[in-house]
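Structural characterization, general
What follows is the residue order along each chain.
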Amino acid sequence: MRCRILVLCAFICLFVILTEARQRKVNHSADRRSLAVRSGQRNQRSSARHGAGLAARSTNQRKRRLNAAKRSRRRRNLARKSNRKIKAKTESVVRSGSSYATLPLDFQQNFVRTTDNLRSEKAFLANRYGFSFAKTSGTATLKNTANMEYTCKMNIGTPKQKFTVLPDTGSSNIWVPGPHCRSKACKKHKQYHPAKSSTYVKNGKSFAITYGSGSVAGVLAKDTVRIAGLVVTNQTFAMTTKEPGTTFVTSNFDGILGLGYRSIAVDNVKTLVENMCSEDVITSCKFAICMKGGGSSSRGGALIFGSSNTSAYSGSHSYTYTPVTKKGYWQFTLQDIYVGGTKVSGSVQAIVDSGTSLITAPTAIYKKINKVIGCTATSSGECWMKCSKKIPDFTFVIAGKKFVVKGNKMKLKVRTNRGKTVCISAVSEVPDEPVILGDAFIRHFCTEFDLANNRIGFAATTYAT
């Protein structure tokens with residue numbers, strides 16, 4: 001009986017042990033499944049976070065690309081609007097029949113040239129026309145070369161960058177100081193900044209013009225040029241990178257507005273007036289210069305594009321025309337020159353040059369003029385006299401018509417280096433032709449430069465000069 005009880009107890013214990021083992025196995029499997037589930041959930045959460053991060057970065061990149069595209073479109077739209085405005089302005093000028101404009105010339109008040117001014121102007125002319133003046137001891141220390149009397153305003157770029165320029169019929173390029181010019185002359189004047197213009201177009205071709213004390217060097221560029229309310233798009237001009245010496249340091253202008261023929265343009269650049277004609281900015285392919293001024297007056301006449309209606313300056317005086325004999329400079333045949341009743345010259349070639357205040361004459365003509373007016377010639381090619389001296393009138397015969405300049409207007413006041421004011425003849429000596437007719441002549445006659453018909457017109461002015 002006792003044995004049976006022991007066997008039964010053993011079976012019960014074995015059953016309990018087996019049951020507990022089986023339960024532990026079940027629990028262990030459940031734990032593993034739970035762990036796997038939790039691990040999967042963690043992985044899912046991590047993947048979700050990683051995916052969300054990638055999505056956010058992708059969204060940000062798309063936003064940046066969209067913003068960049070918007071900015072680019074905005075810039076293009078602004079440029080298109082600017083071009084449309086320029087085109088509309090130009091077209092409105094043509095459609096309205098007002099396809100010409102008048103630009104005031106500014107006159108340097110109470111201008112009195114110095115001997116350095118005088119000799120520097122002669123150095124300019126010598127380099128420009130390839131002749132030499134008599135040598136002078138002042139040549140090596142010339143200063144204030146470009147202190148000319150007449151200037152005008154011009155704008156370049158979008159928005160406008162404003163410049164004061166010298167209107168020069170003796171050259172054909174436009175140039176202004178560039179952003180990289182470190183010369184003293186550039187630092188003292190307004191400089192063009194291409195980065196500030198939405199209409200700037202890079203060219204990069206080198207540019208150089210030789211003057212009395214060195215070469216003005218730079219690079220070519222294109223931009224919109226505005227002058228007298230007229231607009232020319234893609235005008236080629238030069239940004240200077242070097243303006244050596246003292247040539248332009250004290251000039252009263254920032255740059256040059258060349259108004260000659262394209263054939264004398266450096267790098268064969270198309271001129272401003274030529275572009276005005278080809279773009280129909282002006283319907284009459286011509287321009288005119290009427291100069292006046294003196295004393296304390298600051299207005300020196302006008303530069304008129306697209307018209308020869310200069311009645312405000314020439315009154316009822318009509319134009320006398322003569323053909324251009326050589327396209328390049330504004331060159332023509334000057335038939336005769338008289339001083340008083342004495343003929344001092346027969347037919348010679350002459351050039352109208354608004355870039356100088358002087359008149360030049362070949363040696364033989366110069367000596368005859370000096371003999372008649374009774375001035376004292378110097379070794380430097382000038383003829384000096386007392387400012388109180390009366391001299392005869394000068395008569396220039398062009399296309400059969402006599403153009404008279406009063407004798408007292410053919411004297412120029414000059415201040416010497418010692419501070420003394422004296423007078424010289426407006427005519428300076430050069431070895432040979434052509435005769436150069438600068439501001440001393442132009443001031444008395446409105447002058448029309450007609451590119452369409454290759455002719456020059458002169459009409460007497462009606463105001464005091």
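The name given to the chain in an unreviewed UniProt entry is Lysosomal aspartic protease, and the organism recorded there is Drosophila mauritiana. Checking UniProt for the chain, the heading Sequence similarities (unreviewed entry) contains the comment "Belongs to the peptidase A1 family."

**A word on the side chain of Ser197**
Tracing the sequence through the fold places Ser197 in the loop between α3 (184-187) and β6 (201-211). Polar contacts involving the side chain of Ser197 include one to the main-chain amide nitrogen of Tyr200, which spans 3.5 Å. When residues no more than four places from it in sequence are discounted, the contact partners of Ser197 are Gly157, Thr158, Gln161, Tyr192 and Asp223.

**So, the sheet that holds strand β16 (residues 342-345)**
As summarised here, the arrangement of the 4 strands in space is β16-β15-β21-β22, forming an open sheet in which the pairing is antiparallel. Among the strands making up the open sheet, the edge pair consists of β16 and β22 (401-405). Within the sheet, the average angular offset between the axes of one strand and its neighbour, ignoring direction, is 30°. Here 3 bridges tie strand β15 (residues 336-339) to β16, and the two strands are oriented antiparallel to one another. Paired with Val339 across the two strands is Thr342, which belongs to β16. Most of the contacts of helix α6 (residues 363-373) go to β16, to which it runs at about 155°, and overall it touches β15, β16 and β21 (394-398).

**Overview of the state of the cysteines**
Here the structure, examined in full by the defined rule, presents 5 disulfides. Sulfur-sulfur distance for the disulfide between Cys375 and Cys383 comes to 1.8 Å. Between Cys375 and Cys383 the sulfur-sulfur dihedral comes to about 105°; the bridge is accordingly right-handed. Among the residues examined, Cys383 registers a relative accessible area of 0% and is labelled buried. Each sulfur in the disulfide pair Cys387 and Cys423 lies 2.2 Å from the other. As the torsion about the S-S bond is roughly 105°, the Cys387-Cys423 disulfide counts as right-handed. Highlighted residues: Cys387 in the loop between β20 (383-385) and β21 and Cys423 in strand β24 (residues 421-425), separated in sequence by 36 residues. What connects to what in the chain, once the bonded cysteines are numbered by sequence position, is 1-2, 3-4, 5-10, 6-7, 8-9.

**Observations regarding the packing of aromatic side chains**
Summed over all chains, the structure comprises 17 aromatic pairs. When the centroid spacing of 4.8 Å and the interplanar angle of 15° are considered together, the rings of Phe287 and Phe449 count as stacked. Within this pair, whereas Phe287 is found in strand β10 (residues 286-291), its partner Phe449 is found in strand β27 (residues 445-450), the two being separated by 162 residues in sequence. Residue classification places Phe449 among the buried positions, given a relative accessible area of 1%. Taken together, a centroid distance of 6.5 Å and an interplanar angle of 25° make the contact between Phe394 and Phe396 stacked. Here the aromatic residues Phe332, Phe394, Phe396, Phe403, Phe441, Phe445 and Phe458 are joined through ring pairs into a cluster of three or more.

**Description of the pattern of salt bridges**
The full count for this structure, using the stated rule, is 5 salt bridges. A salt bridge links Glu448 to Lys286, with the nearest nitrogen and oxygen atoms 3.6 Å apart. Highlighted residues: Glu448 in strand β27 and Lys286 in strand β10, separated in sequence by 162 residues. As far as the burial class goes, Glu448 and Lys286 line up, both buried. Arg455 is paired through a salt bridge with Asp450; the nearest N and O atoms lie 3.0 Å apart.

**A closer look at unusual backbone geometry**
Cis geometry marks the peptide bond from Thr158 to Pro159; its omega dihedral reads 0°. When you line up the elements, Pro159 lands in the loop between β3 (150-156) and β4 (161-168). In this model, Glu433 is joined to Pro434 through a cis peptide bond whose omega is 5°. A positive phi angle, near 50°, is found at Asn454, a position not held by glycine. When you line up the elements, Asn454 lands in the loop between β27 and β28 (455-460).

**Structural notes on the confidence of the model for the chain**
Detailed reading of the predicted coordinates is not advisable wherever pLDDT is low. With 66% of its residues at a pLDDT of 70 or more, the chain shows a mean pLDDT of 79. A low-confidence stretch, residues 81-98 stays under pLDDT 50, and its non-local contacts, those more than four residues away or across chains, total 21 contacts. Per-residue pLDDT stays below 50 along residues 132-148; that stretch engages in 51 contacts with residues further than four places along the chain or on separate chains.

**A word on the UniProt feature "active site" (unreviewed entry) in the chain**
Under the feature "active site" (unreviewed entry), the UniProt entry names Asp168 and Asp353. For the annotated residues, spread through 186 residues, the largest C-alpha to C-alpha distance comes to 6.8 Å, consistent with a single compact locus. On the secondary structure map, Asp168 appears in strand β4. Classification of Asp168 as buried rests on a relative accessible area of 1%. By the secondary structure assignment, Asp353 is in the loop between β17 (348-352) and β18 (359-362). Among the polar contacts listed, one links the side chain of Asp353 to the backbone nitrogen of Gly355, at a separation of 2.8 Å.

Conventions and cut-offs
- Residues numbered from 1 in each chain as written.
- Predicted model: local features only at pLDDT ≥ 70, side-chain atom pairs only at ≥ 80, totals over all residues.
- Heavy atoms only, no water.
- UniProt positions renumbered as here; feature names shortened; annotations may be inferred.
- Helix = DSSP H or I, 4+ residues; strand = E, 2+ residues; numbered from the N terminus.
- Polar contact = N/O pair within 3.5 Å; in protein donor to acceptor, adjacent residues only side chain to side chain.
- Contact = heavy atoms within 4.5 Å.
- Pairing = 2+ DSSP bridges.
- Axes fitted to C-alpha atoms, helices over the stretch in contact; angles between N-to-C directions.
- Disulfide = S-S within 2.5 Å.
- Buried < 20%, exposed > 50% of the residue type's maximum accessible area, 1.4 Å probe, protein only.
- Phe/Tyr/Trp six-rings, centres within 6.5 Å; stacked < 30°, edge-to-face > 60°.
- Salt bridge = Lys/Arg side-chain N within 4 Å of Asp/Glu carboxyl O.
- pLDDT = per-residue confidence, 0-100.

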